[in-house]
Amino acid sequence: MSVQLQVSTSKKTEFVDITSEVERVMRESGVQNGLCHVFVPHTTAGVTINENWDPSVRTDMLSVLDHLAPASGCYRHAEGNAPAHIKASLMGSSQTVLVEGGRLVFGSWQGIFLTEFDGPRRRRVLVKVVPDAAP
Amino acid sequence: MSVQLQVSTSKKTEFVDITSEVERVMRESGVQNGLCHVFVPHTTAGVTINENWDPSVRTDMLSVLDHLAPASGCYRHAEGNAPAHIKASLMGSSQTVLVEGGRLVFGSWQGIFLTEFDGPRRRRVLVKVVPDAAP
Amino acid sequence: MSVQLQVSTSKKTEFVDITSEVERVMRESGVQNGLCHVFVPHTTAGVTINENWDPSVRTDMLSVLDHLAPASGCYRHAEGNAPAHIKASLMGSSQTVLVEGGRLVFGSWQGIFLTEFDGPRRRRVLVKVVPDAAP
């Protein structure tokens, strides 16, 4: 079964670092080797893996995404959040991370982020840790 | 093993809702808890998860993607479908969905779409449902 | 456990075809049916699946990505590689491929690429092959 995280976002668009929460779920699963699947059950938020050291990286990424799908564009969808939908699909709704020796296998600068594109809202993130089959 | 779906697209670019077909494969697998992997073995079509309620969301998403990789751009690839290739990679060639209690764990508004960028064509979608290992 | 590939890139931005290296890891795993997960532990490189026949497809894709996140843009991140970060997230940090009959299930024209956006560098690619559980 999966574990559900609650993430409260505070801005219209924002990358929220959820690395430590995902690591906690992974540790509590007791799994030593396997895979960790992170799924966002929303259509105007996604999940991505990128640098979690210099916060200006996230600022720049959000700014490029705003440029790709501008809020001022001409959209049909009446709710006014069409750019949020395309940004969510550009980032993706799930990420898969390797688990080895009881740890998430990230590169030195990698972390995992909920990508909010229509906040502020309460968001859910599902984390499922799957152990390798016994050999 | 995977199950292969056949999807006939009817337009040059189009999001085709395949949620019910993927759900059917998942149900027929008999898996109660596990993961469902959806893979598109094409290079000018992809797969994404987004809103399947208001169809204008898909229209807007296609329109943004057309803006990002315009058909009128200057490309080297002689077949004239270079924009379709980059759009396919922007959406992705696979999606992973959680299975719990014999159901796909989607958010309220989520569905899964074949994203056609060089149609109309007959496309294939591979669906593989993997049960959790016995505890 | 995963197997680590070493990939040396030779340009600033480049798609490096790693299909045969991933296939080799898959073969050496001895797995007949399962899944192959490919993960890139970097924040300025990613991994995508697309056409590995006509190299002009990759040239066009890189050119569209340069247009989406231009090197000349105004960015906050001091290292000057902000475009590389967003391009990496647009492509994604992992790909999942089905394994059937001891082979990666790719479409006729598909291959898997390390997508370098801040080279030249030495990059790592992690490949993990997971067999289906015994029925």
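Placed above this text is the structure.
Quick look at the structure, then. (Residues numbered from 1 in each chain as written. Chains lettered and ligands numbered in written order. Predicted model: local features only at pLDDT ≥ 70, side-chain atom pairs only at ≥ 80, totals over all residues. Heavy atoms only, no water.)

1. A look at the overall build of chain A
Within chain A, the regular secondary structure consists of 3 helices and 8 strands. If you list the helices and strands of chain A from N to C, you get β-β-α-β-β-α-α-β-β-β-β. Radius of gyration (C-alpha) of chain A: 16 Å, near the 14 Å computed for a compact globule of 135 residues. Across its three principal directions, the C-alpha atoms of chain A cover 55 × 30 × 25 Å. Across the 135 residues in chain A, those meeting the buried criterion constitute 61%. (Helix = DSSP H or I, 4+ residues; strand = E, 2+ residues; numbered from the N terminus. Rg over C-alpha atoms; globule rule 2.2 N^0.38 Å. Buried < 20%, exposed > 50% of the residue type's maximum accessible area, 1.4 Å probe, protein only.)

2. What to know about the environment of A:Val47
Residues and elements named next belong to chain A. On the secondary structure map, Val 47 appears in strand S4 (residues 45-51). In the structure, Val 47 is positioned 27 residues away from Ser 20 in sequence and 15 Å away in space, judged by C-alpha atoms. Excluding residues that lie within four positions of it along the chain, Val 47 makes contacts with Val 38, Val 40, Met 91, Gly 92, Ser 93, Ser 94, Gln 95, Ile 112, Phe 113 and Thr 115. (Contact = heavy atoms within 4.5 Å.)

3. So, the relation of the copies chain A and chain C
When chain A is fitted to chain C, the best match, at an RMSD of 0.0 Å, comes from turning it 120° and sliding it 0.0 Å along the axis. The transformation relating the two chain copies, once decomposed into turn and shift, fits a three-fold axis. If distances are taken from each C-alpha of chain A to the rotation axis, the shortest is found for A:Leu90, at 3.4 Å. Little of the interface of chain A is mirrored in chain C, where only 7% of its interface residues again form contacts. (Least-squares fit on C-alpha atoms with pLDDT ≥ 70 in both.)

4. Observations concerning the sheet that holds strand S6 (residues 103-104) of chain C
Backbone hydrogen bonds hold the strands of a sheet together, and the pairing may be parallel or antiparallel. Residues and elements named next belong to chain C. If you walk across this open sheet you meet the 5 strands as S1-S8-S3-S5-S6, and the pairing is antiparallel. This sheet does not close on itself; its edge strands, each paired only once, are strand S1 (3-8) and S6. In terms of strand pairing, strand S3 (residues 34-39) meets strand S8 (residues 122-131) through 6 bridges, oriented antiparallel. Bridge pairing in S8 places Cys 36 opposite Val 129. (Pairing = 2+ DSSP bridges.)

5. Re helix H2 (residues 56-68) of chain B
Residue pairs spaced three or four apart in an α-helix point in one direction, given the helix's 3.6 residues per turn. If you check H2(B), its first and last C-alpha atoms are 18 Å apart, about what 13 residues at 1.5 Å a residue would give, namely 18 Å. Listing the buried residues of H2(B) in full gives B:Ser56, B:Val57, B:Arg58, B:Asp60, B:Met61, B:Leu62, B:Val64, B:Leu65 and B:Leu68. (Expected span 1.5 Å × (residues − 1).)

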